[in-house]
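# Observations on the model geometry
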Amino acid sequence: QSGGSSKKLAFVTNNAADFWTIARKGCEKADAELADVSVEFKITSDGTAAEQKRIVDDLLAKGVDGIAISPVDPDNQTQMINDVTKQALVLTQDSDAPNSNRAAYVGTDNVAAGRQAGELIKEVLPQGGRIMIFVGKLDARNAQERLQGIKETLRGTNVQIIDVRTDDTDEVRAKSNVSDTLVRYPDVAGLVGLWSYNGPAILNAVRDAGKTNQIKIVCFDEADQTLAGVRDGLIYATVVQQPFEFGYQAIQIMAKSLAGDRSSIPASKQVFIPTLVIKRDNVGEFTQKINGLRGRS
Amino acid sequence: MKKELGTFLLLVVLCIVVTALNPRFLAPANLQNMARLIGAYGIFSIGLGLVIITGGIDLSVGSLFALLGVLLSMMLTEWGWSSVLAVLVVIGAGMAFGSLHGFLITRVRVQPFIVTLCGLLFYRGLARFIANDETKGFGSAAGFETLRNVATGSLVGIPTPFVLLAVISLVMWVVLHRSVYGRYLFAVGRNEVAARYSGINSRNVVASAYILSGALAGIAGIVFAFYTNSISPSSHGNFFELYGIAAAVLGGCSLRGGEGSIIGILIGTALLQVLQNLVNLLGIPSSLNFAVMGAVILIGVIADQILQRRAS
Amino acid sequence: MKKELGTFLLLVVLCIVVTALNPRFLAPANLQNMARLIGAYGIFSIGLGLVIITGGIDLSVGSLFALLGVLLSMMLTEWGWSSVLAVLVVIGAGMAFGSLHGFLITRVRVQPFIVTLCGLLFYRGLARFIANDETKGFGSAAGFETLRNVATGSLVGIPTPFVLLAVISLVMWVVLHRSVYGRYLFAVGRNEVAARYSGINSRNVVASAYILSGALAGIAGIVFAFYTNSISPSSHGNFFELYGIAAAVLGGCSLRGGEGSIIGILIGTALLQVLQNLVNLLGIPSSLNFAVMGAVILIGVIADQILQRRAS
Amino acid sequence: MNAAVLQMKGIEKRFPGVHALKGVELEIHAGEVIALIGENGAGKSTLMKIIGGVHQPDSGEIFIDGSPVVIASVSEAIKHGIAFIHQELNVLDNLDVASNVFLGREPLRGGFLRLIDNRKMHEETQVQLTRLGLEIPTSIPLSKLSIAQQQMVEIAKALSLEARLLIMDEPTSSLTLSETARLLEVVKELRSQGVGIIYISHRLGEVEEIADRVVVLRDGANAGSLTRASVNHDRMVKMMVGRDLDHFYQHPAADKTPLYFNVKNLRTSRYPDKQVSFDVGKGEILGLAGLVGAGRSELAQAIFGVDGALEMTITLDDQPLRVRTPQDAIKHGIYLIPEDRRHAGLITDIRIRENVTLPALGRYATLGLIAHERERQSAVEMCKKLNVKATSVEVKTANLSGGNQQKVVLAKWLSLEPKVLIFDEPTRGIDVGAKAEIYELMRRLAESGVAILMISSDMEEVLGVSDRVAVMHEGSLTGILERGECTEENIMRLAVGSRG
Ligand SMILES: Nc1ncnc2c1ncn2[C@@H]1O[C@H](COP(=O)(O)OP(=O)(O)OP(=O)(O)O)[C@@H](O)[C@H]1O
Ligand SMILES: Nc1ncnc2c1ncn2[C@@H]1O[C@H](COP(=O)(O)OP(=O)(O)OP(=O)(O)O)[C@@H](O)[C@H]1O
Ligand SMILES: [Mg+2]
Ligand SMILES: [Mg+2]
């Protein structure tokens, strides 16, 4: 063994979206900063708990010291996480399993992010109106929390949620869902996309229908087209997380904890990384930053 | 026409019912949306149909869309290639993969299911690797607006994918139902041995079906890439092979080979798209989307079977 | 054994290579993990193999896992049913769906591909509807720990799914390779007419294969439900039918029917699982996961073909 | 009173567009052999399929042992003690010989588990094979057997049923003389045991030998019957065809160019250590005789490039040829008419027209597009020439009678302009009238300068048609007989392996 007491850390995603490529940059930065640590970045290709369990099992078999995982289904993976904590340090990131024995959670408060989106909708539709929400899968935790946040904020206002349309992460369906909505509800005032590809899908469909000026769009995450849409004023705003921080913080915290330093874990065991609202005024600056993180000029 | 009749009637009945429940079904905007999707799905379903007629199967198209989409985006936006070149490369790549499948199936004699299953896995992995798991897109298509218009624009109000499909179907109809080559496809699919004894180079015929399917997948891949304008390598095109195979089979192609028609495939494709459209248009909860699709197809096919049996 | 030999050799070679690269491959923990997964996948792959031997196909198992998993969770945690009853209901439901498939295929004469494709769509939709698009699970399994242990625990260090698979394979081996019923499966799959002319009730034989497959899917469904402990109705079991079919086909079952063996299916399943394990164990980038799987399978099958041809 | 084992009254059967059976009557007693004869498409097989539970009659009555029955399925027919050897092979090529013979009634052990008693099955199969003189292992898969051997397996299967009524629909169409003789012995033995046998054949010699009574069908109706005493060849022909047939075989003076088509040192993978060399003259018909499994079909396939010969030198008109695939062969004007019509000869699921034109489709096409009318006319013409009985050329080939299917196979090839034509069992299942026409056609082709190699198991045909006869035994050529030396005895002597 060359590294002597070098610690093996792993970062496990919940799917293969490019959200995670930014988190990966954070991991890599931390990895570079920390001499006695090696980081493995594992992507859960098909986004299922089954695959995640397999990855974790294999990691343990390899003798990993710490895992930062984004559980696909926290409630029901609690048991698994507890099992893992017997052999390695576990952080949850991106989505939390609060009832488990994980050492800490690093990530977004998705309900709060949903509330932010709700506020944005209220802002852009002061007179109220009917809106439709789009997402890949409704049984995903972050989808439900974001939706919950939106619903909370819009309760009692004039904004009415027609329905939630799912597309099973099929981008073609994501777009045709929007097109069909525009046909079915010609009076629809706002469209909300909860997952990263929903933003571009909404934008493209609205553009095809020639309704860019009538319909207000609010979405999540920082897909290139979403940012371009914000810049061009076609999308009102997007709520973004800071996955870079997920990766960076998670690795840092794990490394410190394994070295015996528990000071970076607060008593609540939750390290919230705030979500940002990107509108036309700050989109340029944000785009630049994100492109830098993605290694683009 | 006999075998497609049931599916066709089902399609007509569905359209009437949906129109009755929501007249917006016939709104120009809706028809355009549907036509665009029927165009895109129809193009590659025809390719799959040809392969199925030879008694084969192609599971790789969905992954191929991801791979070709990623490549297209990179060629146009990152490497600055010209539209024409990029299109040629994409279609050429589709054909190259098709030839590879054909070669493995006819010369190395690996089962089509395995060859194309490996394709499904491999191309997806390759797409993700090339794209480095990042979503690719075309931004505002600066510099290749023409290509985008050809791929997803409209021609005198008719979506170009539909126009493309019309042209392709016409050509393929002649090829399949009127040409010597088409006859050979059916012959090889029905009875490869007898075809060989009749002097047909059955290996080349089978291989060519995969090449054609690859070319059509390339064209459809371009359309899909511009339609979504965003290609996430891990999910773009997932399950599309199933839709294509389903369209072909619904339209009367038999997986045992030797049966099928272009018109049938078109009807099958249209049926699947109308079903998708209907769920949204009638405001059926998305969660029931699949259930409705499954149930309607099954009922239609059963009714068809019973009618056909009564007729004979 | 001849047909499975190639896949078997590939499996052995892979295991040796992986062990050489990372000796932890043979660590008890790793072997246990793999055995557990081989058990779960093997159980339903055997069912799919039977169906494929009759010349059919079953695309619905993945969705069935979602539906049965959701039901199981609700029965145990929401409706407070006893473990035994819940298990019986799940397996019974699997058999009921299997009978439905068998009925539609043999009596109404709808193609197996269509029937089970509709199943794939319908059961998934139903699962999502019943679960109201919420993820279901078992929490800490209070009140049915025994069931959980039976489904995913260990027996003297051997994971129970593996034990289950061993028992099921043994039984199914006798059934398929030693009993009259098994003989009829092969007969019907190769030439239904000839089988009928020999006085075999081919419709019942075919239908029974789907029922058996349904029962095995029920058992596997319970194992998977407890393995993941979380059933998200929209994605639980996605693509599993493909893995099962791939295992069977890799193990020598032909989609044209009439060929296959239990041992082959087991080898095929093991191969797919080792491939998955290998990607993680060797630290291959996840994005290349699929690509590696596809490439290894293809290379193995090609090598097998070439060897077999040289041998004859 | 001795009730008939089986009695059929007023049987009617229509298929779409075809009135196949028109009030047919048939009666058979225990220990009786009835020969059922008639032209191709007369309705023989259809009538038998009604007895066997495959088809249901539109009207009419069936009595077994005097009581009326409805035979709704094959398994019911089996329960009534009816065994059926179908005209077309119905074997499972993924199973071995014993499994085929006992399919559907495997000897059991292991009680409720219903396990197959393999040992017993193989032993009993061996008994049946020995009875038929078939020397093949009981554990060999059927896919490794020649058509004739598969046919023998199917016969063994029917015999082992120990039925009271045995239906044999052209059992000997692909068998050679010695197997046929053996089979007829077995039939006689069964008759003496009280089995009722319905025997269908176009080989009238066999009929004369075996039949207690001959029942003739013509166009789906009874055309009379002959008692044992009054059976003779001409009378049977007249009843079948409705008129006399003269000139059957013709041997014109062989006006041939020798050594036109030359095959040297041919080795097939089946018999890798045997070499075969021979030649066929331009304008000559060379008969190729031998017992079942002698390797004649393999030889033909090797020449045609189907099964890649291990070694082979062919010259045509002194030009050496390279034949690796059927396309090569066809390019050089070498054509093979295969013996297995349902497997290699025809695509039974497509129309007659499409089958007939398949080998030369390019001829009916301009720029790759098929000229439909030209194609149809040509198909109609060929069918008329060979007297194919079908409502139109648009009928699915599968719906034709066996003999008519064989005619379509011939029609596929005879419209081409071959230099070398290899026939493998050309008249399998073809009725006497049509046979005469086919022989005439072959002779005309030969006269026009084609070299013809005719593989046949029908001794009459070999003797009647060939200019010379080559004989094979277990992969090697045991001799070539000139016209004058061709006798049944000489051929048989060579066929069993003693060199001439
Ligand atoms: N399944 C079917 N569908 C339509 N027509 C059929 C079918 N089976 C037989 N026929 C027709 O019924 C007629 C009688 O056929 P059958 O097979 O009984 O003749 P056959 O006397 O056995 O002739 P062969 O000597 O050629 O075997 C033929 O005209 C045939 O085309
Ligand atoms: N695909 C095969 N694989 C292995 N052996 C085969 C195969 N096909 C045929 N054979 C064998 O080749 C031998 C020669 O068969 P072939 O058909 O050439 O004989 P034949 O003289 O034409 O006799 P027949 O009258 O039975 O057709 C048969 O005994 C058979 O066992
Ligand atoms: Mg007949
Ligand atoms: Mg032969």
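Worth saying up front: this structure is predicted, and the values here are computed from it rather than measured.

### A few points about the packing of helix α2 (residues 49-62) of chain A against helix α12 (residues 262-281) of chain C
- It is the contact of α2(A) with α12(C), at a shortest axis distance of 9 Å, that shows an interaxial angle of 60°. Between α2(A) and α12(C), the angle is such that the two are oblique. The chirality of how α2(A) crosses α12(C) is right-handed. Every residue of α12(C) that contacts α2(A) at A:Arg54, A:Ile55, A:Asp58 and A:Lys62 is listed here: C:Gln273, C:Gln276, C:Asn277, C:Asn280 and C:Leu281.
- When grouped by side-chain class, the residues that make up the contact of α2(A) with α12(C) number 2 nonpolar, 4 polar and 3 charged.

### Some remarks on the interface of chain D and chain C
- Contact residues are listed per partner, giving 24 residues for chain D and 19 residues for chain C.
- Where chain D abuts chain C, roughly 1,800 Å² becomes buried across the two surfaces, and 60% of that area is made up of carbon and sulfur atoms.
- Where chain D packs against chain C, one counts 1 salt bridge.
- The salt bridge partner of C:Arg190 is D:Asp93, with a shortest N-O separation of 2.6 Å.
- Along the contact surface separating chain D from chain C lie 9 residue pairs in polar contact (both at pLDDT 80 or more).
- Residue assignment for the side of chain D that touches chain C shows that the elements contributing at least two residues are α2 (74-79), β8 (115-116) and α4 (118-132) of chain D.
- Per-element tally for the side of chain D that touches chain C: the top contributor is α2(D), with 3 residues.
- A breakdown of the residues in the side of chain D that touches chain C according to their chemical character gives 12 nonpolar, 7 polar and 5 charged.

### Digging into the coordination of the magnesium ion (ligand 3)
Residue and element names in this part refer to chain D.
- Protein coordination at the magnesium ion (ligand 3) comes from Ser45 (OG) and Gln87 (OE1), with a distance range of 1.9 to 2.1 Å. Of the two residues, Ser45 is situated in helix α1 (residues 44-51) and Gln87 in the loop between β6 (82-85) and α3 (97-101); the sequence distance between them amounts to 42 residues. Across the pair, Gln87 and Ser45 agree in class, each one buried.

### Here's the deal with the interface of chain B and chain C
- Contact with chain B, which involves 47 residues of that partner, is made by 46 residues of chain C.
- A buried area of about 4,200 Å², summed over both sides, lies between chain B and chain C, and 75% of it is on carbon and sulfur atoms.
- Three residues stand out in chain B for area buried against chain C, namely B:Phe113, B:Leu121 and B:Phe290, and they jointly supply 14% of the buried area on that side.
- There are 0 salt bridges connecting chain B and chain C.
- Along the contact surface separating chain B from chain C lie 5 residue pairs in polar contact (both at pLDDT 80 or more).
- Breaking the side of chain B that touches chain C down by element, the ones donating at least two residues are α5 (112-131), α11 (240-250) and α13 (289-311) of chain B.
- Take the side of chain B that touches chain C: its biggest share by element is 13 residues, from α5(B).

### Describing the coordination of the magnesium ion (ligand 4)
All names here are of chain D.
- Surrounding the magnesium ion (ligand 4) are the protein donor atoms Ser297 (OG), Glu339 (OE) and Glu339 (OE), which sit 1.8 to 2.8 Å from the metal. Note that Ser297 is positioned in helix α9 (residues 296-304) and Glu339 in the loop between β18 (334-337) and α11 (341-345), a separation of 42 residues in sequence.
- The buried category is assigned to Ser297, whose relative accessible area is 17%.

### Section: the domain arrangement of chain D
Residue and element names in this part refer to chain D.
- Taken domain by domain, chain D comprises domain 1 (4-241) and domain 2 (257-495).
- The C-alpha centroid of domain 2 is placed 29 Å from the C-alpha centroid of domain 1.
- With 29 residues of domain 1 at the interface, the matching set in domain 2 holds 28 residues.
- In this assembly, domain 1 packs against domain 2 so that about 2,300 Å² is buried in total across both faces, 53% of it on carbon and sulfur atoms.
- Three residues stand out in domain 1 for area buried against domain 2, namely Asn40, Glu88 and Leu177, and they jointly supply 27% of the buried area on that side.
- Counting every contact that joins domain 1 to domain 2 gives 4 salt bridges.
- Between Lys389 and Asp219 there is a salt bridge, with its nearest N and O atoms 3.7 Å apart.
- Where the side of domain 1 that touches domain 2 is concerned, the elements lending two or more residues are α5 (147-160), α6 (177-192) and α8 (233-241).
- Counted by class, the side of domain 1 that touches domain 2 contains 10 nonpolar, 13 polar and 6 charged residues.

### Things to note about the pattern of salt bridges
- Counted by the stated rule, this structure contains 51 salt bridges over all chains.
- Residue B:Glu259 pairs with B:Arg190 through a salt bridge whose shortest N-O separation is 3.5 Å. Remark: B:Arg190 occurs in helix α8 (residues 180-190) and B:Glu259 occurs in the loop between α11 and α12 (262-281); sequence separation between them is 69 residues.
- Note that D:Lys435 and D:Asp458 form a salt bridge whose closest N and O atoms lie 3.6 Å from each other. Of this pair, D:Lys435 sits in helix α15 (residues 432-447) while D:Asp458 sits in the loop between β22 (451-455) and α16 (459-465), and the two are 23 residues apart along the sequence.
- Where salt bridges share partners, they join B:Arg183, D:Arg351, D:Arg353, D:Glu354, D:Glu375 and D:Glu394 into one cluster.

Rules of the game
Throughout this description, residue numbers start from 1 for each chain and increase along the sequence as written. A letter from A marks each chain and a number from 1 marks each ligand, given out in the order of writing. For a predicted model such as this one, the threshold for reporting local features is a pLDDT of at least 70, and the threshold for listing and counting side-chain atom pairs is 80 or more; totals across whole chains, interfaces and linings nevertheless cover every residue. With hydrogens and water stripped out, all remaining heavy atoms of the structure feed into the side-chain values. Between N-to-C directions, angles cover 0 to 180 degrees, with each direction set by a line fitted to C-alpha atoms, over the stretch in contact for helices. A helix here means a DSSP run of H or I that spans at least four residues, while a strand means a run of E at least two residues long, and both kinds are numbered starting from the N terminus. An angle counts as roughly parallel when it lies under 35 degrees, as roughly antiparallel when it exceeds 145, as roughly perpendicular when it falls between 65 and 115, and as oblique in every other case. By convention, the crossing between two helices is left-handed when the near helix turns anticlockwise from the far helix through less than a right angle, and right-handed when the turn is clockwise. By the convention used here, residues are in contact when the closest approach between their heavy atoms is within 4.5 Å. Note that Gly is not counted as nonpolar here; it falls among the polar residues with everything else outside the nonpolar set of Ala, Val, Leu, Ile, Met, Phe, Trp, Tyr, Cys and Pro and the charged set of Asp, Glu, Lys and Arg. Put simply, buried area is the surface a 1.4 Å probe can reach on two separate parts but cannot reach once they are joined, added for both. Take a side-chain nitrogen of Lys or Arg and a carboxyl oxygen of Asp or Glu: if they are within 4 Å of each other, that pair is a salt bridge. Polar contact criterion, stated in full: a pair of N or O atoms within 3.5 Å, where within protein one must be able to donate a hydrogen and the other to accept it, and residues adjacent in sequence count only if both atoms are side-chain atoms. Coordination here is defined by N, O and S atoms within 2.8 Å of the metal (3.2 Å for Na, K and Ca), and since water is not considered, a site can look incomplete. Summary of the burial criterion: residues with accessible area below 20% of their type's maximum are buried, those above 50% are exposed, and those between are partly exposed, where the area comes from a 1.4 Å probe applied to protein chains only. Domain extents, as shown, originate in an automatic or database domain assignment.

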